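Here is what each chain is made of, one letter per residue.
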Amino acid sequence: MKRVTKGCITGLLLIFLILPAGVYAQFLGHNYPGDAGVMSASQPEPGTYFAPLYIGYRGDTLRDKDGNAITIENDRRGSLDVNAYGIGIWWVSEHKIWGANYSLMVAPAWTDNKFEAPILGLTEKVDVGFTDLYVQPINLGWHKDKADYSAGVGIYAPTGRYGATADDNLGMGMWTLELFGGGTWYLDEAKSWSFATTASYEFHSKKEDSDIRVGQILTLEGGLGKTYMDGAVVVGLAYYAQLKVTDDKFPGDLELLPGLIGKNRAFAVGPEVTLPLATKKTLWGFLNLRYLWEFGVRNSVEGNAFVATLSIPLGGIPLQ
């Protein structure tokens, strides 16, 4: 099988904790950690790619600033689960900028923001709807003998439904500028072993119709991978770390849940596999599956996430 350079589709967003009226659990950013894995910094070969994606988050514990579980009465606990669906459209060109291939991406997404927990101010399930739009107007990819590198700019636009006092929000009600860069380093001559990490840094505007501004957030994503079948199958261990770097800014009279004042953070690790979808003559795409368990969470919900992504090159890739 022809060797294929497979880049993970990055940047698809999931709003997995909305800010309901009255009580706020924690102010999160747009970047959902875990949507990129063991090849997080590898841009694919020139072409157009479609990437349908599903993220299922299953929250089980609300942690305070010291990492202690916040006790919630069983009849008030509700559900801390959420589902999101998206499709990334990624165009990678032959055009070079500073020796890198230029590409761009747009990623519309939908979510149910299904946090049916009275402690978060929600009493009814929210129907699936369009959430905030993610665009990468600049995505640069370098391919070296022993490493791949990527860097660029992402923008989250507040296109999802949002109201400062609503309990059925589908968006975050703010603009986000994201700067990112990273590398995938190959650990042997055959490029069968690799380690990747991509760093993303978020800057946020004020939320619509309020004086709330979410603090700046750093997210690290990547993993250790091993390829088989000339690079078509990838097995590995993915990870992420997300930390709020600066304090949130909000009115002094805003009611906050006790124990959840301060910067939030989360870490996660879990297995990942990428499988080819091919016939004898054509490679039609890849199926990427990832499962992540969170730990070390502060000021937020702790749980686990399942991520499934199809990466489909337009027209397929002929096999030799």
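The structure under discussion appears in the preceding block.
The model shown is predicted, which means the values in this text are computed figures rather than measured ones.

Parameters at a glance
Residues numbered from 1 in each chain as written. Predicted model: local features only at pLDDT ≥ 70, side-chain atom pairs only at ≥ 80, totals over all residues. Heavy atoms only, no water. Helix = DSSP H or I, 4+ residues; strand = E, 2+ residues; numbered from the N terminus. Contact = heavy atoms within 4.5 Å. Areas by Shrake-Rupley, 256 points an atom, 1.4 Å probe, with all protein chains shown as cover. Patch = residues over 30% accessible without salt bridge, like charges linked within 9 Å, V, L, I, M, F, W, Y side chains within 5 Å. Salt bridge = Lys/Arg side-chain N within 4 Å of Asp/Glu carboxyl O. Buried < 20%, exposed > 50% of the residue type's maximum accessible area, 1.4 Å probe, protein only. Polar contact = N/O pair within 3.5 Å; in protein donor to acceptor, adjacent residues only side chain to side chain. Core = buried A, V, L, I, M, F, W, Y, C linked by side-chain atoms within 4.5 Å. Phe/Tyr/Trp six-rings, centres within 6.5 Å; stacked < 30°, edge-to-face > 60°. Lys NZ or Arg CZ within 6 Å of the ring centre and 35° of its normal. Pairing = 2+ DSSP bridges.

**Student:** Help me out: how do you make sense of the overall build of the protein in this one?
**Tutor:** A tally of regular secondary structure across the protein gives one helix and 15 strands. The long-range share in the protein, meaning contacts at least 24 apart out of those at least 6 apart in sequence, stands at 69%. Of the accessible surface of the protein, which amounts to about 13400 Å², a share of 60% is contributed by carbon and sulfur atoms.

**Student:** I'm lost on unusual backbone geometry in this one. Help?
**Tutor:** For residues other than glycine, phi is negative in most cases, and the peptide bonds are mostly trans. One non-glycine residue, D209, adopts positive backbone phi at about 60 degrees. Among the structural elements, D209 can be located in the loop between strand 9 (193–204) and strand 10 (217–228). Phi is positive for N299, which is not a glycine, with a value near 60 degrees.

**Student:** I'm lost on a nonpolar patch on the surface in this one. Help?
**Tutor:** Side chains of Y149, W185, L187, W193, F195 and L224 sit close together on the surface and give an oily, nonpolar patch of about 550 Å² of accessible area. By secondary structure assignment, the location of W185 is in strand 8 (residues 176–186).

**Student:** Explanation requested: the pattern of salt bridges in the structure shown.
**Tutor:** A side chain with one charge may pair with a side chain of the opposite charge, provided their charged atoms come close. Taken as a whole and judged by the stated rule, the model has five salt bridges. Among the ionic pairs, D248 bridges to K244, the shortest N-O distance being 2.8 Å. Residue D248 shares its accessibility class with K244, and that shared class is buried. Across the pair D247 and K263 runs a salt bridge, and its minimum N-O distance is 4.0 Å.

**Student:** Explain the side chain of T176 to me, please; I cannot follow it from the model alone.
**Tutor:** Mapping T176 onto the fold places it in strand 8. The exposure class of T176 is buried, given its relative accessible area of 2%. At a separation of 2.7 Å, a polar atom in the side chain of T176 contacts the side chain of H30. Leave out the neighbours within four places in its chain, and T176 touches H30, G154, I155, Y156, E202, F203 and H204.

**Student:** Would you take a moment to explain the nonpolar core for this structure?
**Tutor:** In summary, soluble globular proteins display a tendency toward joint burial of nonpolar side chains. With 10 residues, the main nonpolar core is built from V38, M39, Y186, V234, A238, Y240, A266, A268, L292 and V297. Secondary structure elements with two or more residues in this core: strand 11 (233–244), strand 12 (265–278) and strand 13 (282–298). Ranked by residue count, the leading element in this core is strand 11, at three residues. If we ignore the near neighbours within four places in the chain, the residues touching Y186 are M39, S42, K146, A147, D148, K191, W193 and S194.

**Student:** Where do I start with the packing of aromatic side chains in this structure?
**Tutor:** Pairs of aromatic rings are described using the distance from one ring centre to the other and the angle between the two planes. Taken as a whole and assessed by the stated rule, the structure comprises 10 aromatic pairs. Considering the side-chain rings of Y201 and F203, the 5.1 Å spacing of their centres and the 55 degrees angle between planes classify their relative orientation as tilted. Of the residues examined, Y201 reaches a relative accessible area of 21% and is grouped as partly exposed. Feature note: the residues Y54, Y85 and F306 constitute an aromatic cluster, connected by ring pairs. Its end group placed over the ring of Y186, K191 keeps NZ or CZ at 5.1 Å from the ring centre.

**Student:** Is there a simple way to think about the environment of G231 in this case?
**Tutor:** One can find G231 in the loop between strand 10 and strand 11. By relative accessible area, which is 7% here, G231 ends up buried.

**Student:** What is the right way to look at the pairing of strand 8 in this model?
**Tutor:** Residues in a regular strand point their side chains to alternate faces of the sheet. Pairing of strand 7 (residues 147–157) with strand 8, which is carried by 10 bridges, proceeds in the antiparallel orientation. Looking at strand 8, one finds that Y149 is bridged to G183. Of the strand pairs in this sheet, strand 8 and strand 9 are connected by 11 bridges, and their pairing is antiparallel. Paired with E178 across the two strands is E202, which belongs to strand 9. Taking the residues that link successive antiparallel strands as the turn, the strand 8-strand 9 hairpin has six residues, and the phi of K191 there is positive, at about 60 degrees.

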